[in-house]
Amino acid sequence: MVALQALFHGIAQAQDEQTLRSHISAQMSEYFSATRCGLFFFAQISLVDSKIQKALQIALSPQHNPVARYLLERHAPVHEALVVEPKTWKLICPRADHWHVMAGPIVSNGELVGLVGLTRQQGMPAFDSQNLTDLSALCLHISTCVAMARLQQPLLQTKRLTPREMQIASLVAQGQTNAEISAELWITENSVKQALKRMFRKLEVSSRAHMVAKLSTVSK
């Protein structure tokens, strides 16, 4: 049986999001006696196969999935029994290998940037309050690891952003607020806001976290 402290240590040793996914998922599955475990980062959904991408977008949609809605609103771990009745959940997700579902938030710079998802198949016991407590601790460690990894990654230069916009992007990656960026660069806070709007349009992103993730994707 994998110990919780061993999972903490494994998360701390991960250098990037790919390492987290490949090395931690199997251990978390064992710890929680889960049929499946996965780490999903929203900024990378557009990089997967189109069929998988569409399925993920539906599964993670707050309109379709009350578990996803709970995560989005509260940034706290949840299992299906906390948000819907068993009969309702079976209608939402009739798959036998997703009979019980638990999910936890991955947060960076105050925004939900991904989630940890675990499932149990039909016939297995439901996730309980202790599982939620343990997942909450693990998500805290994962979120810290992700935030540190993103700060340490150099932002790629892109012709789509001006030098000033790259300065702003670098300060966003360091976790600075609009007010802090305006003071650092000697510009108004409104100038920062308008620059971020332009940068979002150029990069086709919708959040600060998504922008940093996109600019930090270094080709291996």
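Remember, predicted model here, so these are calculated numbers, not experimental data.

How should I be thinking about the packing of helix H9 (residues 178–185) against helix H10 (residues 189–203) in this particular structure?
Geometrically, a packed helix pair is captured by the angle between its two axes and the distance between the axes. With their axes 8 Å apart at the nearest point, H9 and H10 run at an angle of 110° to one another. Classified by the angle between their axes, H9 and H10 sit roughly perpendicular to one another. Where H9 abuts H10, its residues Asn-178, Ala-179, Ile-181 and Ser-182 lie against Glu-189, Val-192, Lys-193 and Leu-196. Across the contact of H9 with H10, the residue classes tally to 4 nonpolar, 2 polar and 2 charged.

What is the right way to look at the sheet that holds strand S1 (residues 36–41) in this model?
Where strands meet in a sheet, backbone hydrogen bonds hold them as pairs that are either parallel or antiparallel. Taken in spatial order, the 4 strands of this open sheet run S1-S4-S3-S2, and their pairing is antiparallel. Strands with a single pairing partner mark the edges of an open sheet, and in this sheet they are S1 and strand S2 (78–79). Looking at chain direction, S2 and strand S3 (residues 100–108) are connected through 2 bridges and run antiparallel. Bridging across to S3, Val-78 finds its partner in Ala-103. Across the face of the sheet, helix H2 (residues 17–31) comes into contact with S1 and strand S4 (111–120) while running at roughly 155° to S1. Its contacts with the sheet place helix H4 (residues 66–74) against S2, S3 and S4, and it is angled at close to 25° to S3.

Help me understand the nonpolar core in this model?
The nonpolar side chains of soluble globular proteins are, as a tendency, buried together. Among the nonpolar cores identified, the biggest contains 29 residues, and Leu-20, Met-28, Phe-32, Val-116, Leu-118 and Ile-142 are the most heavily contacted of them. Looking at this core, the elements that each hand over two or more residues are helix H1 (4–13), H2, S1, S3, S4 and helix H7 (129–152). Looking at which element gives the most residues to this core, the answer is H7, with 7 residues. When residues no more than four places from it in sequence are discounted, the contact partners of Leu-20 are Ile-11, Ala-14, Ser-25, Leu-39, Ile-142, Cys-145 and Val-146. Judged by nonpolar contacts, the second largest core, of 19 residues, contains Leu-185, Met-199, Phe-200 and Met-211.

Sorry, what's going on with the pairing of S3 here?
Regular strands place their side chains on alternate faces of the sheet. Most of S3 sits out of view: 8 of its 9 residues are buried. Pairing analysis gives 9 bridges linking S3 to S4, with the strands arranged antiparallel. Opposite His-100, over in S4, you have Arg-120 as the bridge partner. Taken together, S3 and the strand that follows it, S4, pair antiparallel across an intervening segment of 2 residues, in which Asn-109 is found at a positive phi of about 55°.

Help me understand helix H8 (residues 163–173), please; the structure alone is not making it clear to me.
What sets the pattern is the α-helix's 3.6 residues per turn: residues three or four places apart point alike. Every buried residue of H8 is accounted for by Glu-165, Met-166, Ile-168, Ala-169, Leu-171, Val-172 and Ala-173. The first or second residue beyond H8 is Gly-175, which carries a positive phi of 90°.

Help me understand the environment of Arg-74, please; the structure alone is not making it clear to me.
Looking at the element boundaries, Arg-74 is found in helix H4. Residues Arg-74 and Pro-105, 31 residues apart in the sequence, show an inter-C-alpha distance of 9.0 Å.

Which parts of the structure should I look at to understand the pairing of S4?
Of all 10 residues in S4, 9 are buried; the element is thus mostly enclosed. In the sheet, S1 pairs with S4 via 6 bridges, with the strands oriented antiparallel. Across the sheet, residue Phe-40 finds its bridge partner in S4, namely Leu-115.

Is there a simple way to think about the environment of His-23 in this case?
Within the element layout of this structure, His-23 appears in helix H2. On the accessibility criterion, His-23 (51% relative accessible area) is exposed. Of note is the side chain of His-23, whose polar atom sits 2.9 Å from the side chain of Ser-22.

Quick notes on the rules
Residues numbered from 1 in each chain as written. Predicted model: local features only at pLDDT ≥ 70, side-chain atom pairs only at ≥ 80, totals over all residues. Heavy atoms only, no water. Axes fitted to C-alpha atoms, helices over the stretch in contact; angles between N-to-C directions. Helix = DSSP H or I, 4+ residues; strand = E, 2+ residues; numbered from the N terminus. Parallel < 35°, antiparallel > 145°, perpendicular 65-115°, else oblique. Contact = heavy atoms within 4.5 Å. Nonpolar A, V, L, I, M, F, W, Y, C, P; charged D, E, K, R; others polar. Pairing = 2+ DSSP bridges. Core = buried A, V, L, I, M, F, W, Y, C linked by side-chain atoms within 4.5 Å. Buried < 20%, exposed > 50% of the residue type's maximum accessible area, 1.4 Å probe, protein only. Polar contact = N/O pair within 3.5 Å; in protein donor to acceptor, adjacent residues only side chain to side chain.

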